[in-house]
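The residues making up each chain are set out below.
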Amino acid sequence: MRLLIAMMEHETNTFSPVPTPLARFGKGGEPLRGKAALDACRGTGTATGAYIDLAEEAGAEIVLPLAAHASPSGPVEDAAYAFMTDAICAEVARGGFDGILLDLHGAMVTQSLEDGEGALLQRIRSIDAKTPIAVSLDMHANLYPAIVENATVVVGYHTYPHVDMYDTGRLAGSILLRAISGEVRPAMAWGNAPMLPHVMKQGSFENPNQALQRRCAAMAEEGALAASLFTGFPHADVSQAGLSAVVVTDGDAALARRLRDELLAEAWQKRQDFVFKVEPLAESVARARTLGEAAGSGPVVLLDHYDNCASGGTMDTTVVLAEILRQGLSDVVAFAIYDPAAVRQAIAAGVGNSIALSIGGKMAMPAIQRPSPPLEVTGRVKAITDGTFRNRGPMGRGVVQFMGPSVVLDTGAAEIVLISNHVEPYDLNCFLSLGIDPLAKRYVMLKSRIHWRAGFGEIARGIVECAGVGVCTSDYGELTFRNVRRPIYPLDLPNE
Ligand SMILES: [Zn+2]
């Protein structure tokens, strides 16, 4: 058996000013290809890691032309998209495969295309009309017809934080191998509901998504080979943004449709529970301070979620950090401000020396009208690293992360992490690699929404969501939607 495996992942925030050139998929160079890609992905807790394990267990020959993943940002540059899809399609054209296993996100927008994944699958099908294709997708996929119509099997994550990437790949790949052997004949049904669930309300540890994902799992008992509920990615002004579902059965299209309809109806019924209520920033930080001054163990976590880089944030807004300092919180660690220029200044100053820096506020955000000023800070350079660490998991276990040159600036009240590549803090090693123990802090500010819970959710004595400034704004009124299908909840149907 011969299997083609490829990863091409990007969640595109169409409001983000952060550029997405090819280098973003390759940590500064080209994305990994061939043996380097295989070696980097083998043994990791990713869908690609699962595909490799399945292929090796089956004794299959593996062809892995591309392993490309970029942190969320603005639309993918056309040249980058062409490079990546050419790499995959060139192997498809050589032919001789029994199956194709793709690790995609499902919300890739390019400079020219709304549906990067669907266009890739259409192109593969135009080259090779028959070879079965498995696709694993992120729960934040914005699903398009071309994705489902040109794949044999589509399966999405069931958890957010995404701690089941590997399981998802394993399920998608297993169904495909059974289809290749003739054991099953996958039939799929998909659809969407006119709703944009708020990302802060999408966690699978609470309802309504917990119940929806449990229902997906239970559908295995009723004949579903896989049932996936995608909460979708709302910070994308594209026609199919929002919630969707795919159900795969063994040849029973009617059953697939019935189970899909049930998932979509249940989600629509719970739409009000997916709405997030914003609290004024000053109130949030004051509440965090009160929590931190009360007796208890573990830090109070302040989430600067309007600027989560893993949803396309610039990671350089400082409004939340400024309010934390203004209200006099101390024993704080802040992860992180993206500011390569400030990092270079701090490195030039050297460890142990004091420096005055103007951090953040350097990336213009045309989609957001509110100002995002830099923050003036003075502190001692406590640590300098190259920013490389390996995830301990559970999310993305084994994957190497590159924060780029990174420094810790100690202002006395706060240790501020400054980084040169966008990395969301969801793994404990992002702190430990810098010599910081977040468990020992009173306050931990994170530019994260939900994923941080994977690495250190259990350590928090309190969680305070802070409305700052950024392109992941929780106030949809700050964004101009022109292309998403209308009407859609809650943009047009807020009082239903
Ligand atoms: Zn996601």
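Residues numbered from 1 in each chain as written. Predicted model: local features only at pLDDT ≥ 70, side-chain atom pairs only at ≥ 80, totals over all residues. Heavy atoms only, no water.

(A) Broad picture of the pairing of strand β15 (residues 406–410). By the criterion of burial, β15 is predominantly enclosed, with four of the five residues buried. Of the strand pairs in this sheet, strand β12 (residues 375–385) and β15 are connected by five bridges, and their pairing is antiparallel. Within β15, the position partnered with Arg380 by the bridge is Asp410. Both β15 and strand β16 (residues 414–419) contribute to a ladder of four bridges, which runs antiparallel. Its bridge partner being in β16, Asp410 is matched across the sheet by Glu415. (Buried < 20%, exposed > 50% of the residue type's maximum accessible area, 1.4 Å probe, protein only. Helix = DSSP H or I, 4+ residues; strand = E, 2+ residues; numbered from the N terminus. Pairing = 2+ DSSP bridges.)

(B) Geometry of helix α9 (residues 281–293). Its 13 residues place the ends of α9 18 Å apart at the C-alpha level, agreeing with the 18 Å of an ideal helix rising 1.5 Å per residue. Restricting attention to buried positions, one finds in α9 the residues Leu281, Ser284, Val285, Ala288 and Gly292. Mapping the buried residues of α9 onto a view down its axis gives an arc of 95°, with all of them on the same face. More than 90 degrees from the buried face of α9, the exposed residues found are Thr290 and Glu293. Check the buried side of α9 and you find it contacts β9 (300–304), α10 (319–326), β17 (443–446) and β18 (462–466). (Expected span 1.5 Å × (residues − 1). Arc of directions from axis to C-beta. Contact = heavy atoms within 4.5 Å.)

(C) Geometry of the packing of α9 against α10. The N-to-C vectors of α9 and α10 enclose an angle of 50°; their axes lie 10 Å apart at closest approach. Between α9 and α10, the interaxial angle falls into the category oblique. Here α9 and α10 pass one another in a crossing that is right-handed. On α10, the residues touching Leu281, Ala282 and Val285 of α9 are Val319, Val320, Glu323 and Ile324. (Axes fitted to C-alpha atoms, helices over the stretch in contact; angles between N-to-C directions. Parallel < 35°, antiparallel > 145°, perpendicular 65-115°, else oblique. Left-handed = near helix turned anticlockwise from the far one by under 90°.)

(D) Representation of the nonpolar core in the model. Met8, Met84, Leu102, Leu120, Ile124, Val135 and Leu137 are the most contacted members of the largest nonpolar core, which totals 83 residues. With seven residues, the single largest contributor to this core is helix α3 (residues 78–94). Non-local contacts of Val135, meaning those with residues more than four positions away in its chain, are made with Tyr51, Leu102, Leu104, Leu121, Ala151, Val153, Val154, Val155 and Ala172. Leu321, Leu357, Ala414 and Ile416 belong to the second largest nonpolar core, which has 30 residues in total. (Core = buried A, V, L, I, M, F, W, Y, C linked by side-chain atoms within 4.5 Å.)

(E) Region of the structure containing the coordination of the zinc ion. Taken together, Asp138 (OD), Asp138 (OD), His140 (ND1) and His162 (NE2) make up the full set of protein donors to the zinc ion, lying 2.0 to 2.8 Å away. Around the zinc ion, the four donor atoms sit at angles spanning 52 to 145°, and that spread fits a shape best called irregular. Expressed as a motif, the donor residue spacing for the zinc ion is D-x1-H-x21-H. Of this pair, Asp138 sits in the loop between β4 (133–137) and α5 (145–149) while His162 sits in the loop between β5 (153–156) and α6 (165–180); the two residues are 24 residues apart in sequence, bridging distant segments of the chain. By relative accessible area, which is 2% here, His162 ends up buried. (Donors = N, O, S within 2.8 Å, 3.2 Å for Na, K, Ca; no water. Tetrahedral: all angles 85-135°; square planar, octahedral: opposite > 155°, others 65-115°.)

(F) Up close: helix α1 (residues 34–41). Here α1 has its buried residues at Ala37, Leu38 and Cys41. Buried residues of α1, viewed axially, fall in a sector of 100°; they line one side. Along its buried surface, α1 packs onto β1 (2–9), α2 (47–57) and β2 (61–69).

(G) Representation of unusual backbone geometry within the structure. Cis geometry marks the peptide bond from Tyr160 to Pro161; its omega dihedral reads 10°. Inspection of the secondary structure assignment puts Pro161 in the loop between β5 and α6. For Asp331, which is not a glycine, the phi torsion comes out positive at approximately 60°. Along the polypeptide, Asp331 turns up in the loop between α10 and β10 (332–338).

(H) Broad picture of the sheet that holds β1. One open sheet holds the five strands; their spatial order is β2-β1-β3-β4-β5, and the pairing between them is parallel. Edge positions in the open sheet fall to β2 and β5, since each of these has one partner strand only. The sheet shows a mean angle of 10° between the axes of neighbouring strands, taken without regard to direction. For β4 and β5, the ladder comprises four bridges, and the chain directions are parallel. Bridge pairing in β5 places Ser136 opposite Val155. Lying over the sheet, α2 contacts β1, β2, β3 (99–104) and β4, oriented at roughly 175° with respect to β1.

(I) Representation of the packing of aromatic side chains. As enumerated under the stated definition, the model contains six aromatic pairs in all. Grouping aromatic residues by their ring pairs yields a cluster made of Phe335, Phe431, Trp452 and Phe456. The ring of Phe97 has Arg2 lying over it, and the distance from NZ or CZ to the ring centre is 4.4 Å. The ring centre of Tyr489 lies 5.7 Å from the NZ or CZ of Arg271, which sits over that ring. (Phe/Tyr/Trp six-rings, centres within 6.5 Å; stacked < 30°, edge-to-face > 60°. Lys NZ or Arg CZ within 6 Å of the ring centre and 35° of its normal.)

(J) Focus on the packing of α3 against helix α4 (residues 116–127). Relative to each other, α3 and α4 sit at 25°, their axes nearing to 10 Å. Viewed along their axes, α3 and α4 adopt a mutual orientation that is roughly parallel. In this structure, α3 crosses over α4, and the sense of that crossing is right-handed. Within the contact between the two elements, α3 uses Tyr81, Thr85, Asp86, Ile88, Cys89, Val92 and Ala93 and α4 uses Gly116, Ala119, Leu120, Arg123, Ile124 and Ile127.

(K) Just the environment of Ala295, in detail. Among the structural elements, Ala295 can be located in the loop between α9 and β9. For the pair formed by Ala295 and Leu3, sequence separation is 292 residues and the distance between their alpha carbons is 57 Å.

(L) Broad picture of the side chain of Glu9. Along the chain, the position of Glu9 falls in strand β1. Glu9 gets classed as buried once you look at its relative accessible area, which sits at 10%. Separated by 2.7 Å, the side chains of Glu9 and His69 make a polar contact. Once residues within four sequence positions are removed from consideration, Glu9 is found in contact with Phe25, Ala68, His69, Ala70, Asp103, Leu104, His105, Met108 and Tyr157. (Polar contact = N/O pair within 3.5 Å; in protein donor to acceptor, adjacent residues only side chain to side chain.)

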